[in-house]
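The lines below spell out each chain.
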Amino acid sequence: QVHLVESGGGLVQPGGSLRLSCAASGSIFSINAMAWYRQAPGKQRELVAVILSGGSTNYADSVKGRFTISRDNAKNTVTLQMNSLKPEDTAVYYCNARVRAPVTFYVNDYWGQGTQVTVSS
């Protein structure tokens, strides 16, 4: 009933920039929060950045000052601007949304399919 589609991943040199985007669609009454997670080979999935409907944000210490998360509530989209990229940022990046459904008002978390970000020279 709800699906998320990510785009913008790719290969970039250290110090470069990428912009990831994610769009949510389907049976949505409201979205409480949207976030970006990432998972590198051999590591657990970790939270990169989160933004609430009111605009409050939180970032992992490793990306503070380099990444910026933003959202368009009317369009149910979220964007992650990544600057000064490092090889350590290489991972599959996943979009996440906490969605309240119409009529039932049940809340569920939904995940995108993931997009690969590779930082290498």
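Computed from a predicted model, the values in this text were never measured in an experiment.

A.B. asks: Would you mind going over the nonpolar core with me for this structure?
C.D. replies: The tendency in soluble globular proteins is for nonpolar side chains to be buried as a group. Ranked by internal contacts, the top residues of the largest apolar core, which has 32 residues, are Trp-36, Leu-80, Met-82 and Tyr-93. Going through the elements one at a time, β1 (2-7), β3 (18-26), β4 (30-39), β5 (46-52), β7 (67-72), β8 (77-82), β9 (91-100) and β11 (115-119) are the ones with two or more residues in this core. The dominant element in this core, judged by the number of residues it contributes, is β9, at 5 residues. The contacts of Tyr-93, once residues within four sequence positions are left out, are Glu-6, Leu-20, Trp-36, Tyr-37, Arg-38, Val-48, Phe-67, Leu-80, Met-82, Gly-114, Thr-115 and Val-117.

A.B. asks: What is the right way to read unusual backbone geometry from this model?
C.D. replies: Excluding glycine, most residues fall at negative phi; most peptide bonds, likewise, are trans. Located in the positive-phi region is Asn-76, a residue other than glycine, with phi close to 55 degrees. Its place among the elements puts Asn-76 in the loop between β7 and β8. In this structure Asn-76 comes out as buried when scored by relative accessible area, which is 19%. For Ser-84, which is not a glycine, the phi torsion comes out positive at approximately 50 degrees. Topologically, Ser-84 is positioned in the loop between β8 and β9.

A.B. asks: Which parts of the structure should I look at to understand the layout of surface pockets?
C.D. replies: If a probe the size of a water molecule is rolled over the atoms, the empty space left behind becomes visible. Looking at the largest pocket, its volume works out to about 150 Å³. Among the residues making up the lining of the largest pocket, the classes are represented as 2 nonpolar, 3 polar and 5 charged.

A.B. asks: Looking at this structure, I do not really get the state of the cysteines. What am I missing?
C.D. replies: In a disulfide, the sulfur atoms of two cysteines are covalently bonded to one another. Following the criterion strictly, the structure yields 1 disulfide and no others. Put simply, Cys-22 and Cys-95 are joined by a disulfide, and their sulfur atoms are 2.1 Å apart. The sign of the -85 degrees torsion about the S-S bond sets the Cys-22-Cys-95 disulfide as left-handed. One end of the pair, Cys-22, is in strand β3; the other, Cys-95, is in strand β9, and 73 residues separate them in sequence. Exposure class is identical for Cys-22 and Cys-95. Each is buried.

A.B. asks: Explain the pairing of β3 here, please?
C.D. replies: Sheet topology places β1 next to β3; 6 bridges connect them, and they run antiparallel. Residue pairing for β3: Ser-7 is matched across the bridge by Ser-21. Two strands pair when backbone bridges link them, and β3 and β8 are joined in this way by 6 bridges, in the antiparallel orientation. When the sheet's bridge partners are listed, Ser-21 is paired in β8 with Thr-79.

A.B. asks: I'm lost on the pattern of salt bridges in this one. Help?
C.D. replies: Side-chain pairs of opposite charge can arise where the charged atoms are in close proximity. Going through the model one piece at a time under the given rule, you end up with 4 salt bridges. Linking Asp-89 and Arg-66 is a salt bridge whose minimum nitrogen-to-oxygen distance equals 2.8 Å. Here Arg-66 lies in the loop between β6 (57-59) and β7 and Asp-89 lies in the loop between β8 and β9, a separation of 23 residues in the sequence. Judged by its relative accessible area of 1%, Asp-89 is buried. When its relative accessible area of 10% is taken as the criterion, Arg-66 is described as buried.

Cut-offs used in this document
Residues numbered from 1 in each chain as written. Predicted model: local features only at pLDDT ≥ 70, side-chain atom pairs only at ≥ 80, totals over all residues. Heavy atoms only, no water. Core = buried A, V, L, I, M, F, W, Y, C linked by side-chain atoms within 4.5 Å. Buried < 20%, exposed > 50% of the residue type's maximum accessible area, 1.4 Å probe, protein only. Helix = DSSP H or I, 4+ residues; strand = E, 2+ residues; numbered from the N terminus. Contact = heavy atoms within 4.5 Å. 1 Å grid on protein atoms, 1.4 Å probe; cavity = no way out; pocket = protein on both sides within 12 Å on 5 of 7 lines; lining within 4 Å. Points joined across faces, edges and corners; volume = space filled by probe spheres on them. Nonpolar A, V, L, I, M, F, W, Y, C, P; charged D, E, K, R; others polar. Disulfide = S-S within 2.5 Å. Pairing = 2+ DSSP bridges. Salt bridge = Lys/Arg side-chain N within 4 Å of Asp/Glu carboxyl O.

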